[in-house]
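Residue-level structure breakdown
Single-letter residue listing:
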There are 2 protein chains.
Amino acid sequence: MTDTTSRRDTVRTPEAIARTRDLVGPALRYAVDAIPDERMRLVASYQLGWCDANGSAVEGGGGKMIRPTLAVLSAEAVGGGAAAGVPGGVALELVHNFSLLHDDIMDGDTERRHRPTGWVAFGEGQAILAGNAMLTAAVQVVGQDAASAPRTVPHLLGAVQELISGQSADLALERQEHVELDDVLQMEVGKTAALLSCAASIGAVAAGASTHDVAALAEYGHSVGLAFQLVDDVLGVIGDPSVTGKSASSDVRAGKSSAVIIAAMRSGTPAAQRLEVLLQDGPPKSEEEVAQVTSAILDAGGVEWALAEADRLLDRAVGALDRLKQIDRRTREDLVNVARYIVARDR
Amino acid sequence: MTDTTSRRDTVRTPEAIARTRDLVGPALRYAVDAIPDERMRLVASYQLGWCDANGSAVEGGGGKMIRPTLAVLSAEAVGGGAAAGVPGGVALELVHNFSLLHDDIMDGDTERRHRPTGWVAFGEGQAILAGNAMLTAAVQVVGQDAASAPRTVPHLLGAVQELISGQSADLALERQEHVELDDVLQMEVGKTAALLSCAASIGAVAAGASTHDVAALAEYGHSVGLAFQLVDDVLGVIGDPSVTGKSASSDVRAGKSSAVIIAAMRSGTPAAQRLEVLLQDGPPKSEEEVAQVTSAILDAGGVEWALAEADRLLDRAVGALDRLKQIDRRTREDLVNVARYIVARDR
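Just so you know, these numbers come straight off a predicted model, no measurement behind them.

Definitions and cut-offs
- Residues numbered from 1 in each chain as written.
- Chains lettered and ligands numbered in written order.
- Predicted model: local features only at pLDDT ≥ 70, side-chain atom pairs only at ≥ 80, totals over all residues.
- Heavy atoms only, no water.
- Helix = DSSP H or I, 4+ residues; strand = E, 2+ residues; numbered from the N terminus.
- Expected span 1.5 Å × (residues − 1).
- Bend = angle between axes of the 7 residues up to and from the residue.
- Buried < 20%, exposed > 50% of the residue type's maximum accessible area, 1.4 Å probe, protein only.
- Contact = heavy atoms within 4.5 Å.
- Buried area = accessible area lost by both parts, 1.4 Å probe.
- Salt bridge = Lys/Arg side-chain N within 4 Å of Asp/Glu carboxyl O.
- Polar contact = N/O pair within 3.5 Å; in protein donor to acceptor, adjacent residues only side chain to side chain.
- Nonpolar A, V, L, I, M, F, W, Y, C, P; charged D, E, K, R; others polar.
- Core = buried A, V, L, I, M, F, W, Y, C linked by side-chain atoms within 4.5 Å.
- Axes fitted to C-alpha atoms, helices over the stretch in contact; angles between N-to-C directions.
- Left-handed = near helix turned anticlockwise from the far one by under 90°.
- Phe/Tyr/Trp six-rings, centres within 6.5 Å; stacked < 30°, edge-to-face > 60°.
- Lys NZ or Arg CZ within 6 Å of the ring centre and 35° of its normal.
- pLDDT = per-residue confidence, 0-100.
- Least-squares fit on C-alpha atoms with pLDDT ≥ 70 in both.

Let's shift gears to helix α9 (residues 181–206) of chain A. Residues and elements named next belong to chain A. Taking 1.5 Å per residue, 26 residues should reach 38 Å; α9 reaches 36 Å between its end C-alpha atoms and fits that length. Ala 193 marks where α9 bends most, by close to 45°. Taking burial as the measure, the 26 residues of α9 include 22 buried ones, the bulk of the element. Just downstream of α9, Gly 208 is the residue with a positive phi angle, here 80°.

This is the structure:
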């Protein structure tokens, strides 16, 4: 296993992220401004972190724009201009936020990024509708370029269907008594990897890249996405609250069937049996029980497995880049840095 | 005002509707089958009336397919083949049902077509997701034809944004103390006319019709849509429960700000003042109060105004067809019959 400490030192915010924010940011604003309904524009702007619930601008708002960064780099990776990745980047950021807005309703989450979630601020109905408006706007953006739309629109919509499928599986797994690790991983692929895979290839699709190159970039994004999710699951068990902004062992408290927790339960170890007993009446209630469950997960090797798997996926992502013939040194370096940044454990 | 009785005799189900059901039905099934997630296919099939909540096929299920009929006729109206209207027809039926599925959640409606609504049958989260999957599938269908997609995709998505805006305005008006008739009409245009306008023109757009012809067909659909909504509002005040399947005066009981009710309240008549007083503490509670409110709406001329307006819009719809140079006699007759059928008062 890679030394976590040494990697942590290398993971500063990659320069490519600031660069694409400057490039894609204005196009994203333009796309949101083009939503015809004023109320929908307000909810979308709030969700994107640009303003408060009254519409007053927020200083330094906005997300990290990971997906737009990947979209732009994917265009450059096949020798296309950065501009070819902009519509796809805008669309992916909109789709990502549409899904956050809707997921918060379904999961009953009341806070995101230290603010009330969209449905809390604007009501459930308006939040559902604004999500729909953002999804629609996303397709409108990629649909506008007549030359690339016949390729990019289906590429985007296929990923949206996978995303929907992942969230649907997530809701279904919550009600299921016995959950298998494969089902959890498939759900996480849909919820996270599908969209990152699309982001990491849509710029290349727009630039007219070969199926071979698109597949390599999609695999890069897919691997990074699943690795990210596994690390996220690890943080849900042992994350530092001062870094994650969530309570310690948040997934343990919520009784979530994350890959880490299910891997531990299905490990066939004595600790797995302990875990089964501890969780048979639902999530732990006292702080003592939370500590017992957390240590059983660690003893069963759930965290170790997930971190090793994340490392393997990160290697695989970097390996996929080697299949690209036209990629220049700088773009390759950017994609490697962005992958490391996404999968970093100190967030 | 046209004689309602004599018109009622002429309104049988137009032959064009059965014809397009045979044509578009299989393509609609194909599109739903292409949704990758099994659970999402089930919810979509249930929403479309094809199966019960366990997935068992329902005999004679499925809606009237008004929107697909318009899509196919719009292709024929510009001299295109009926087939050019099929993808648009499929998409419009999916979008229509996506919006019903989501609206039932927001409005808290528990029954539709004598069955539990989708969110009641499958849970709110799965219903939100299945709506998203249907919207996505709709765009996928029109996006598949590379030749027409650069025109049809934006045409469809523009209407979807209007639809979203209409539903958002509907939710907002419910919380508003003082509502103006113009606001209600604008909301109803978004909720009903936008999609019918798109349906009545998307086949022509796919067939490569001129802007002039597309605009004429869009105006036809817009007028039919608003006329339909106004008649629906009339039925919400004086409809026969044995025909409408709703309780008598359902909009009155629900305290809805329909165009008919707001037109009555803003009529400046003595009955309008009576109405204002009757409704100042919310919707009527007793049967006696329901009867008083209903008769005040009638006395204030709300119903008369809406029926006259619906007639004017129906004439305008038929008039728009006269602007089409290439339309053949049969297609014109079909479009006139379908318009009369949609706006019929005996439903």
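So much for the structure itself; the text now carries on.
A separate point is the interface of chain A and chain B. At the junction of the two partners, chain A supplies 35 residues and chain B supplies 35 residues. Between chain A and chain B, a total of about 2900 Å² is buried, with carbon and sulfur atoms accounting for 67% of that surface. When the buried surface of chain A facing chain B is broken down by residue, Leu129(A), Gln161(A) and Ile164(A) rank first, second and third, together holding 19% of it. The tally of links from chain A across to chain B stands at zero salt bridges. Remark: the boundary between chain A and chain B carries twelve residue pairs in polar contact (both at pLDDT 80 or more). Contributions of two or more residues to the side of chain A that touches chain B are made by α3 (38–47), α5 (86–107), α7 (124–143) and α8 (149–174) of chain A. It is α8(A) that contributes the most residues to the side of chain A that touches chain B, 13 residues altogether. Taken together, the residues of the side of chain A that touches chain B break down into 21 nonpolar, eleven polar and three charged.

Among the nonpolar cores identified, the biggest contains 230 residues, and Tyr220(A) and Tyr220(B) are the most heavily contacted of them. In terms of residue count, α9(A) provides more of this core than any other element does, 14 residues in total. Setting aside residues up to four positions removed in sequence, Tyr220(B) forms contacts with Leu70(B), Ala200(B), Ala317(B), Ala320(B), Leu321(B), Leu335(B), Val338(B) and Ala339(B).

What follows concerns the packing of helix α4 (residues 66–77) of chain A against α9(A). Residues and elements named next belong to chain A. In contact at an axis separation of 5 Å, α4 and α9 are set at 35° when each is read in the N-to-C sense. Crossing of α4 against α9: the hand is right-handed. On α9, the residues touching Ile 66, Arg 67, Leu 70, Ala 71, Ser 74 and Ala 75 of α4 are Leu 195, Leu 196, Ala 199, Ala 200, Ser 201, Ile 202, Gly 203 and Ala 204. Residues that form the contact of α4 with α9 fall into these classes: ten nonpolar, three polar and one charged.

Next up on the list: the pattern of salt bridges. Two side chains with opposite charge may pair up if their charged atoms get near one another. All names here are of chain B. On inspection of all chains with the given rule, the structure shows 30 salt bridges over all chains. Here Asp 322 and Arg 332 are joined by a salt bridge, their closest N and O atoms 2.7 Å apart. A residue pair is termed long-range when its members are at least 10 positions apart, and Asp 322 in the loop between α16 (302–321) and α17 (329–343) and Arg 332 in helix α17 qualify at ten residues.

Attention shifts here to the packing of aromatic side chains. Residues and elements named next belong to chain A. Taken as a whole, this structure holds two aromatic pairs over all chains when the rule is applied. The interplanar angle of 85° and the centroid separation of 5.2 Å between the aromatic rings of Tyr 46 and Phe 122 together place this pair among those described as edge-to-face. Remark: Phe 122 occurs in helix α6 (residues 118–122) and Tyr 46 occurs in helix α3; sequence separation between them is 76 residues. On the basis of relative accessible area, Tyr 46 is assigned to the buried category, the value being 5%. Taking NZ or CZ as reference, Arg 115 lies 3.9 Å from the ring centre of Tyr 46, over its face.

Detail in the predicted coordinates should be disregarded across regions flagged by low pLDDT. All names here are of chain A. For chain A, the mean per-residue pLDDT works out to 93, and 95% of the residues sit at or above 70. Between residues 1–9, whose pLDDT stays under 50, and residues either more than four places distant or in other chains, the model counts eleven contacts. Model confidence for the complex: the whole-complex pTM is 0.94, and ipTM, which rates the interface, is 0.93.

The transformation that overlays chain A on chain B combines an axial shift of 0.0 Å with a rotation of 180°, and the residual RMSD is 0.0 Å. The superposition operator between the copies reduces to a two-fold rotation axis. Here 100% of the interface residues in chain A have copies in chain B that are interface residues too; the copies meet face to matching face.

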